[in-house]
Amino acid sequence: MRDRFHDPERVRQLAARIGRRMTRGWRIMEVCGGQTHAIVRYGIDELIPAELELIHGPGCPVCVTPIELIDRACELACTPGVRVCSFGDMLRVPGSSGDLHSARARGGRVQIVYSPLDALAVARAQPDTQIVFFAVGFETTAPATALSVARARAEGLRNFSLLVAHVRVPPALEALLDAPEAQVDGFLAAGHVCSVMGLDEYAPLCERYHVPIVATGFTPVDLLEGLLACVDQLEVGRAEVVNQYARAVASSGNRSALELIRQVFQVEDRCWRGLGSIRSSGLALRAEFAEFDAEHRFALGVPQPLPASRCWSARVLRGEVKPTACPEFGRACQPLHPLGAPMVSDEGACAAYYRYRAPGAVEASAVDG
Amino acid sequence: MADAGRVAAAVALGECPIPAASDCVQLVHGAGGEASRRLIDSLFARELGDPLLVTDRDAATFEMPSGPGQIALTTDSFVVHPLEFPGGDIGCLAVYGTVNDLAVSGARPLYLSIGFILEEGLSLATLARVVGSVGWAARACGVHVVTGDTKVVERGKGDGVYINTAGVGWLEPGRACGPSQVQPGDVLLVSGDVGRHGLAILALREGLGFETRIESDCGSVVRAVEALWERGIRPRCMRDPTRGGVVTAVVEIARSAGVEIELESLGVPVRADVRAACDVLGLDPLEMACEGRVVLWVAEAHADAALACLRELDPSAARVGRVRARAEGRGRATLRTEIGTTRWLDLPSGIATPRIC
């Protein structure tokens, strides 16, 4: 056995308990791409009753980054004197005319970093180059971005700026619940996001929409415990916030991280790829940090009109259909030549299905769907 | 060194003077004149230290074993960055990569050629270490470096050192092995813990500061493979799991052989620090490159003896899976996960990039 969070016996017991607890079918959405990845990688959806349907949420931050922002990043990378620093999985996400990999191949300057603080170090080391950090991610990565810009200001760095694409999870859940086609009975909230933000934002959602929300981790045992906590509530008609991931999540969140976010960012409406504009779902730099906003610093062109796509990524991101139901899944759309963003990142629902599912299932599901 | 960069920069440089005493590679080192000669004699020949190395003729000649058999020939190029990493450098990697390709084909590696493309400005001390490492690794594998070549490119047009090696080996009758010989019931073994080389390079290149230093596993598999042959154990198929790691090796063999191969996740030896780092980065150790490991398919009857033999050289060698009867359609590979479920394996889709959350 690898560790207690991957204990095959405990996994079997939990799956059996979920089965015994259920008197009817339920639809539960796991919010985070990391959870989707683990569910498919470990085949967890095959262990649970067929009547418990898992819906893959929009929780892959690189996947939901709007095409316009990717185009801007590509444009910046190809601007003389500018270097774009980005998380690695962002490089393969297609914009309207190529991704950051192709921008680099055309001579653009793109560097993979693992933290915005690494990008800050690049800025210190290359004072004659404008360093733009492509700030992508949920509330999980926002504190480090906030720290980088706070430090840049304290150090008087004039060659560091951010292209901000940070998004917030709770408004996206609210938008999903508001949609007329919403059929989600409960949520597994993203454990890492909750470890930063705490649980306070979720109670109003539970109350208003009468859905249970369980902050859940990423191992097989975590995920099954989260599902059980959700099913337990659904079966008795409760709708509360439960913390399965207590080893990492305090209900009040990480106070110093929250304070950093508050100092540097303000909430604004944000467009999500595949979902459209969602009210209050984005983080933007506050006015006092405007000089560090790449969109202010550089004269960026008007976004190109977007081409029509045959891909169903919007429906996948809304949880309406499984990736395998899309007519292009595994055919025109594969990880090496993705049509939609969820096929790009390993965290994307489509990529997770492509990597870990039987090749034969592609055809069968596509026909069924 | 035959043909030591005679053409490269001669035309462009014209009457470029010979550098009196330089501590770095200059274009003139590739021009084929006195500077090239000095570099060959004082650095390459000295550091390689191989009595069969040809430095004054255009081609090396060498003896092949007598008796029935076939010549095996392979080539590989090495562009690793950084040039030096925990556990090795580009020099030994260029030897092990080619030698291991011969060994897993069933051939006994004998001779190597080596070609260097050097970037102007490379420190001669670094070059001496890399070339010394080539010599050391070749001796460790029991192969001779018999011929070589050097070119120099302008600063900014290379990445310090690129190396190409070609290897000649001797394949005795009865030692040929490959996917076509893999049969249902065969057992899958791996000669040591996996994933370290890929992670070591990634950690260094991206400046990831782990608490423990992860060393590359780069090394020769010749001893392990020869030990098996000497004991009369005949591997049906071997593969060195380099790019794409164990997963790629297993998927490719399953497809070539038209069989179903089940990999047992818990059986694959992965060091705790490697697994922890991969967990943090969202990477799969089974997809990370190894540079000193061999994955072998052996008949069930030989499995225990083969494993015992491998463990004498590396206690972490393990039994990691088995071959099942031919599935319908093309061959495929599956993984039995840590929690007892089964999923399909596919070739990794591209460059391993850590996920952000």
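Note that the structure is a prediction, hence the values are computed from the model and not measured.

K.L.:
Looking at this structure, I do not really get the pattern of salt bridges. What am I missing?
P.N.:
Pairing is possible between side chains that carry opposite charge, provided their charged atoms lie close to one another. Residue and element names in this part refer to chain B. The full count for this structure, using the stated rule, is 38 salt bridges over all chains. Two residues, Glu154 and Lys157, come together in a salt bridge whose shortest N-O distance is 3.9 Å. What makes Glu154 partly exposed here is its relative accessible area of 42%. For Glu226, the salt bridge is made with Arg175, and the minimal N-O distance between the two is 2.7 Å.

K.L.:
What is the right way to look at the nonpolar core in this model?
P.N.:
Across soluble globular proteins, you tend to see nonpolar side chains buried next to one another. Counting 62 residues, the largest nonpolar core has Phe116, Leu118 and Leu127 of chain B as the members making the most contacts within it. A domain-level breakdown of this core finds at least three residues from each of domain 1 (10-171) and domain 2 (179-345) of chain B. Contact partners of Phe116 of chain B, with chain neighbours within four places excluded, come to Phe44, Val130, Val131, Val134, Asp149, Thr150, Lys151, Val161, Tyr162 and Ile163 of chain B. Counting 60 residues, the second largest nonpolar core, distinct from the first, contains Val164, Ala215, Trp272 and Phe292 of chain A.

K.L.:
Just checking my understanding: could you explain the domain arrangement of chain B for this structure?
P.N.:
One frequently used descriptor of interface size is the decrease in accessible area upon assembly of the parts. Residue and element names in this part refer to chain B. In terms of domains, chain B is made up of domain 1 (10-171) and domain 2 (179-345). Here the C-alpha centroids of domain 1 and domain 2 sit 30 Å apart. Listed by partner, the interface residues are 21 residues for domain 1 and 22 residues for domain 2. Summing both partners gives a buried area of about 1700 Å² for domain 1 against domain 2, and 68% of it is carried by carbon and sulfur. Counting across the interface, domain 1 meets domain 2 through 0 salt bridges.

K.L.:
Please clarify how the packing of aromatic side chains should be interpreted in this entry.
P.N.:
Aromatic ring pairs are described here by two measures, namely the spacing of the ring centres and the angle between the planes. Residue and element names in this part refer to chain A. Applying the stated rule across the entire model yields 6 aromatic pairs over all chains. With a centroid separation of 6.0 Å and 80° between ring planes, the pair formed by Phe218 and Tyr245 is classed as edge-to-face. In this pair, Phe218 is assigned in the loop between β8 (213-216) and α12 (220-236) and Tyr245 in the loop between β9 (241-243) and α13 (255-264), connecting sequence segments 27 residues apart. Exposure class is identical for Phe218 and Tyr245. Each is buried. Summarising the aromatic geometry, the rings of Phe329 and Tyr354 are spaced 6.2 Å apart at their centres and angled 65° between planes, so their arrangement reads as edge-to-face. Note that Phe329 is positioned in the loop between α15 (313-317) and α16 (349-356) and Tyr354 in helix α16, a separation of 25 residues in sequence. Accessibility expressed as a relative area gives 3% for Phe329, which makes it buried. Tyr354 sits in the partly exposed class, given a relative accessible area of 22%. In this structure, Arg24 packs its charged tip against the face of Trp26, placed 3.7 Å from the ring centre.

K.L.:
Got a minute to help me understand unusual backbone geometry in this structure?
P.N.:
In terms of backbone geometry, most residues other than glycine have negative phi values and most peptide bonds are trans. Each neighbour pair has its own omega, and for His81 of chain B with Pro82 of chain B the value is 0°, a cis peptide bond. Locating Pro82 of chain B in the fold gives a position in the loop between β1 (70-78) and β2 (84-85). Residues other than glycine seldom take positive phi values, yet Ser280 of chain A does so here, at roughly 60°. Locating Ser280 of chain A in the fold gives a position in strand β11 (residues 276-285).

K.L.:
What should I look at first to understand the sheet that holds strand β6 (residues 160-166) of chain A in this one?
P.N.:
Strand pairing in a sheet relies on backbone hydrogen bonds. The paired strands run either parallel or antiparallel. Residue and element names in this part refer to chain A. The strand order across the open sheet formed by 4 strands is β4-β3-β5-β6, and the pairing between neighbours is parallel. The open sheet has two free edges, formed respectively by β4 (110-112) and β6, since each of these has just one partner strand. Averaged over all adjacent pairs, the angle separating strand axes in this sheet is 25°, with direction ignored. With 3 bridges joining them, strand β3 (residues 82-86) and β4 adopt parallel strand pairing. Following the sheet pairing, Cys85 is matched in β4 by Gln111. Across the sheet, helix α5 (residues 67-77) is in contact with β3, β4, β5 (130-137) and β6; its angle to β6 comes to roughly 160°. Together, β3, β4, β5 and β6 form the strand contacts of helix α7 (residues 116-125), whose direction differs from that of β5 by roughly 175°.

About the thresholds
Residues numbered from 1 in each chain as written. Chains lettered and ligands numbered in written order. Predicted model: local features only at pLDDT ≥ 70, side-chain atom pairs only at ≥ 80, totals over all residues. Heavy atoms only, no water. Salt bridge = Lys/Arg side-chain N within 4 Å of Asp/Glu carboxyl O. Buried < 20%, exposed > 50% of the residue type's maximum accessible area, 1.4 Å probe, protein only. Core = buried A, V, L, I, M, F, W, Y, C linked by side-chain atoms within 4.5 Å. Domains from an automatic or database assignment. Contact = heavy atoms within 4.5 Å. Buried area = accessible area lost by both parts, 1.4 Å probe. Phe/Tyr/Trp six-rings, centres within 6.5 Å; stacked < 30°, edge-to-face > 60°. Helix = DSSP H or I, 4+ residues; strand = E, 2+ residues; numbered from the N terminus. Lys NZ or Arg CZ within 6 Å of the ring centre and 35° of its normal. Pairing = 2+ DSSP bridges. Axes fitted to C-alpha atoms, helices over the stretch in contact; angles between N-to-C directions.

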